[in-house]
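Fold and contact review
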Amino acid sequence: PRPLASEKRSYAFYRQHRHGDRMVWPLLLGRARCDSLPAYRRMADSQSDSGSGGVKIGLAVASADALPSAFVVFRDDLCRCVDRCAALGYDGIELALRHAAEVHVPELKRRLAATGLEVPCISSGQVFAADRVYFTHPDEAARAVAVERITDMIRLAAEFGAKVNTGRVRGFVHEGETNATATAR
């Protein structure tokens with residue numbers, strides 16, 4: 001059974017990171033590092049106020065054509081990613097998307113319902129990384145693309161009761177300009 005809104009637990013996500021010449025998937029809880037799901041669950045349980053496992057654990061996933069630099073664990077058909085995450089015992093998935101249209105909503109909802117997984121978050125890092133569009137871009141057309149992409153992701157997130165992490169799409173202040181200039185865009 002799903003928790004009531006007042007009982008919702010926070011998520012911690014495994015994301016892929018480079019460590020030397022190999023990829024690792026660490027999870028951090030406080031200052032302690034965990035490299036396995038069972039160890040993380042035990043640590044989360046021991047540190048939660050209620051002792052009842054206040055943290056859900058998910059994996060960041062993307063479609064098969066995601067950039068090699070995308071911080072995700074699985075790159076595959078998103079429904080297969082759901083099945084793989086469920087088989088490994090995770091509670092949810094973070095969708096790392098370039099376009100909201102990558103998701104076939106009815107099909108993904110069926111897979112989520114069948115596995116009991118959730119989509120608590122959609123991340124937009126690929127919008128910035130692949131297309132270099134962001135809200136403070138000097139070019140008005142690039143800013144419009146960023147707004148359109150994030151608006152589409154917000155609509156998609158509403159389908160799953162999820163949030164959108166805008167990350168680097170928020171933009172930055174270019175060298176030689178002020179915060180006021182970037183904010184005014």
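Located above this text is the structure these notes cover.
Residues numbered from 1 in each chain as written. Predicted model: local features only at pLDDT ≥ 70, side-chain atom pairs only at ≥ 80, totals over all residues. Heavy atoms only, no water.

Counting 35 residues, the largest nonpolar core has Val61, Leu95, Val103, Leu108 and Phe160 as its most contacted members. Elements with a minimum of two residues in this core: strand 6 (55-62), helix 2 (78-87), strand 8 (92-96), helix 3 (105-115), strand 9 (118-123), helix 4 (125-131) and helix 5 (140-160). Residue contacts for valine 103: discarding those within four places in its chain leaves Leu78, Leu95, Leu97, Leu108, Leu156 and Phe160. Core analysis: the second largest hydrophobic core is formed by six residues, Ala60, Ala62, Ala70 and Val72 among them. (Core = buried A, V, L, I, M, F, W, Y, C linked by side-chain atoms within 4.5 Å. Buried < 20%, exposed > 50% of the residue type's maximum accessible area, 1.4 Å probe, protein only. Helix = DSSP H or I, 4+ residues; strand = E, 2+ residues; numbered from the N terminus. Contact = heavy atoms within 4.5 Å.)

A few words now on the layout of surface pockets. Taken as a whole, the second largest pocket holds about 300 Å³ of empty space. In terms of lining residues, the second largest pocket is bounded by 18 residues, among which Phe71, Ser123, Gly125, Gln126 and Arg168 are the most central. Every element with two or more residues in the lining of the second largest pocket is listed here: strand 8 and helix 4. When residues of the lining of the second largest pocket are assigned to their parent elements, the largest contribution, three residues, is made by helix 4. Tallied by class, residues from the lining of the second largest pocket come to seven nonpolar, eight polar and three charged. (1 Å grid on protein atoms, 1.4 Å probe; cavity = no way out; pocket = protein on both sides within 12 Å on 5 of 7 lines; lining within 4 Å. Points joined across faces, edges and corners; volume = space filled by probe spheres on them. Nonpolar A, V, L, I, M, F, W, Y, C, P; charged D, E, K, R; others polar.)

Counted by the stated rule, this structure contains eight salt bridges. When the shortest N-O distance is used, the salt bridge between arginine 111 and aspartate 83 registers 2.7 Å. Placement of arginine 111 in helix 3 and of aspartate 83 in helix 2 is noted, with a sequence separation of 28 residues between them. Judged by its relative accessible area of 30%, aspartate 83 is partly exposed. Measuring nitrogen to oxygen at the nearest pair gives 2.4 Å for the salt bridge that ties aspartate 131 to arginine 98. Pair noted here: aspartate 131 is in helix 4 and arginine 98 is in the loop between strand 8 and helix 3, with a separation of 33 residues, a long-range link. Overall, aspartate 131 belongs to the partly exposed group, its relative accessible area being 21%. One connected set of salt bridges, linked through shared partners, spans Asp76, Arg80 and Arg84. (Salt bridge = Lys/Arg side-chain N within 4 Å of Asp/Glu carboxyl O.)

A few words on the packing of aromatic side chains. Scanning the entire structure with this criterion turns up three aromatic pairs. Summarising the aromatic geometry, the rings of phenylalanine 128 and tyrosine 134 are spaced 5.6 Å apart at their centres and angled 50° between planes, so their arrangement reads as tilted. For tyrosine 134, a relative accessible area of 5% corresponds to the buried category. Assessed through its relative accessible area of 6%, phenylalanine 128 is described here as buried. For arginine 84, the ring lying beneath its charged end belongs to phenylalanine 74, and the centroid distance is 3.8 Å. (Phe/Tyr/Trp six-rings, centres within 6.5 Å; stacked < 30°, edge-to-face > 60°. Lys NZ or Arg CZ within 6 Å of the ring centre and 35° of its normal.)

Glancing now at the environment of arginine 75. For arginine 75, the position within the fold is in strand 7 (residues 74-75). Judged by its relative accessible area of 26%, arginine 75 is partly exposed. In this structure the C-alpha to C-alpha distance between arginine 75 and alanine 60, which are 15 residues apart in sequence, comes to 9.4 Å. Among the polar contacts made by the side chain of arginine 75, one reaches the main-chain carbonyl oxygen of leucine 67 at a distance of 3.1 Å. Among the polar contacts listed, one links the side chain of arginine 75 to the backbone oxygen of alanine 70, at a separation of 2.8 Å. (Polar contact = N/O pair within 3.5 Å; in protein donor to acceptor, adjacent residues only side chain to side chain.)

Time to look at unusual backbone geometry. Notably, arginine 132 is not glycine yet its phi reads approximately 55°, a positive angle. Considering the arrangement of structural elements, one finds arginine 132 in the loop between helix 4 and helix 5. For arginine 132, a relative accessible area of 47% corresponds to the partly exposed category.

Moving on: the pairing of strand 8. Counting buried residues along strand 8, five of its five residues qualify, which places the element largely inside the surrounding structure. Side-chain alternation along strand 8 places Gly92, Glu94 and Ala96 on one buried face and Ile93 and Leu95 on a second face that is also buried. Strand direction decides the pairing type here: strand 6 and strand 8, joined by four bridges, are parallel. Across the sheet, the residue bridging to leucine 59 is isoleucine 93, located in strand 8. Summarising the sheet, strand 8 and strand 9 pair through four bridges and their orientation is parallel. Bridge pairing in strand 9 places glycine 92 opposite glutamate 118. One crossover worth recording links strand 8 to the parallel strand 9 by way of helix 3, and it is right-handed. (Pairing = 2+ DSSP bridges. Right-handed = clockwise from strand over helix to strand, strands pointing away.)

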